[in-house]
Amino acid sequence: SSSSSSSNGASGRLTPTEEQKRLRLMDQVTMKMYECLDKRQRFLRDELDAAFKVSATLESSAEKAQESLNNQTTAVADYTDAIKTLELKSTEFEAWAAAQSAENIPSVAERLVPFDELSTQVTKLVAEHSAIDDAFYYLERGLASSQNKTVDLQTFLKECRQLARKQFLCRAHLRKIQEECMQQQHEFAAQTPLVSVFQAPNHQ
């Protein structure tokens, strides 16, 4: 019986080789667990960072949306006031126009009455020349405007060339009319005898 118990105790012990294997296996399992835990922590950290970024983006978008809403509300109030002012001014203008019409006040075109054909031409040419100046002004404003969507550089240059040619012809025509008026004045002066203010009166 003593021999059998000693054999069982000997069989329950691990040999040095088996002990080393067991320790090595435990180390490998421990390292594997640490790696899994580290991967899990990094994954959770990345998820939290992404969630924080999304939250910050949503907060910024909400602030911008609120600011835009406030601006729209202010703009609507301004437009409402502007419409009221425009309606008031339109009513005042209609009342003024009705009063002017009742008084039969002549218009600017009716006040300008040329006394001959040359005066008629001068009036029309000066009006056309001034209108071309206005067209240049509004073309420049349209090209420089940040809201411009119709006047590009090529169209601007094309229109300016056409207007400049028309304005040049207006000036040339006005110079011809001026020369003709000067010639008429000279002819009239040549046909009219000059009387000196120092000439003594002729008493008969």
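Residues numbered from 1 in each chain as written. Predicted model: local features only at pLDDT ≥ 70, side-chain atom pairs only at ≥ 80, totals over all residues. Heavy atoms only, no water.

Visitor: Quick one: what's the story with the overall build of the protein chain, residue by residue and with numbers?
Guide: For the protein chain, the helix and strand inventory stands at five helices and zero strands. Going from N to C terminus, the protein chain has its helices and strands arranged as α-α-α-α-α. Scored against the burial criterion, the 204 residues of the protein chain give a buried share of 7%. Long-range pairs, those at least 24 residues apart, make up 66% of the contacts in the protein chain between residues at least 6 apart in sequence. Surface exposure of the protein chain reaches about 18200 Å², of which carbon and sulfur atoms provide 58%. (Helix = DSSP H or I, 4+ residues; strand = E, 2+ residues; numbered from the N terminus. Buried < 20%, exposed > 50% of the residue type's maximum accessible area, 1.4 Å probe, protein only. Contact = heavy atoms within 4.5 Å. Areas by Shrake-Rupley, 256 points an atom, 1.4 Å probe, with all protein chains shown as cover.)

Visitor: Give me the lowdown on the packing of aromatic side chains, citing residues and values where you can.
Guide: Considering all chains together, one arrives at two aromatic pairs under this definition. Taken together, a centroid distance of 5.1 Å and an interplanar angle of 75 degrees make the contact between Y137 and Y138 edge-to-face. Its relative accessible area of 43% is what places Y137 among the partly exposed residues. (Phe/Tyr/Trp six-rings, centres within 6.5 Å; stacked < 30°, edge-to-face > 60°.)

Visitor: Let's hear about helix α4 (residues 117–144): which residues, and what values?
Guide: Here α4 spans 41 Å end to end across 28 residues, near enough to the 40 Å set by a 1.5 Å rise per residue. Residues of α4 that are buried: L118, S119, L125, H129, I132, F136, L139 and G142. For α4, the elements touching its buried residues are α5 (153–191). (Expected span 1.5 Å × (residues − 1).)

Visitor: Now, about the pattern of salt bridges: what can you tell me, with residues and values included?
Guide: Inspection of every chain in the model, using the stated rule, returns three salt bridges. Measuring nitrogen to oxygen at the nearest pair gives 2.4 Å for the salt bridge that ties E19 to R22. Of the two residues, E19 and R22 both sit in helix α2 (residues 16–103), three residues apart, roughly one turn of that helix. Where E92 meets K89, a salt bridge forms, and the shortest distance between an N and an O atom there is 3.8 Å. Of the two residues, E92 and K89 both sit in helix α2, three residues apart, roughly one turn of that helix. E92 gets classed as partly exposed once you look at its relative accessible area, which sits at 42%. (Salt bridge = Lys/Arg side-chain N within 4 Å of Asp/Glu carboxyl O.)

Visitor: I'd like to hear about the packing of α4 against α5, residue by residue, with values.
Guide: Where α4 contacts α5, the axes come no closer than 9 Å and their chain directions differ by 160 degrees. Here α5 runs roughly antiparallel to α4, going by the angle between their axes. Relative to α5, the crossing made by α4 is left-handed. Of the residues belonging to the contact of α4 with α5, the class tally is 18 nonpolar, five polar and seven charged. (Axes fitted to C-alpha atoms, helices over the stretch in contact; angles between N-to-C directions. Parallel < 35°, antiparallel > 145°, perpendicular 65-115°, else oblique. Left-handed = near helix turned anticlockwise from the far one by under 90°. Nonpolar A, V, L, I, M, F, W, Y, C, P; charged D, E, K, R; others polar.)

Visitor: Can you tell me about the environment of P114, naming the residues and giving the values?
Guide: Relative to the assigned elements, P114 resides in the loop between α3 (108–111) and α4. The class of P114 is partly exposed, set by a relative accessible area of 33%. With residues up to four places along the chain from it excluded, the contact list for P114 reads S119, T120 and T123.

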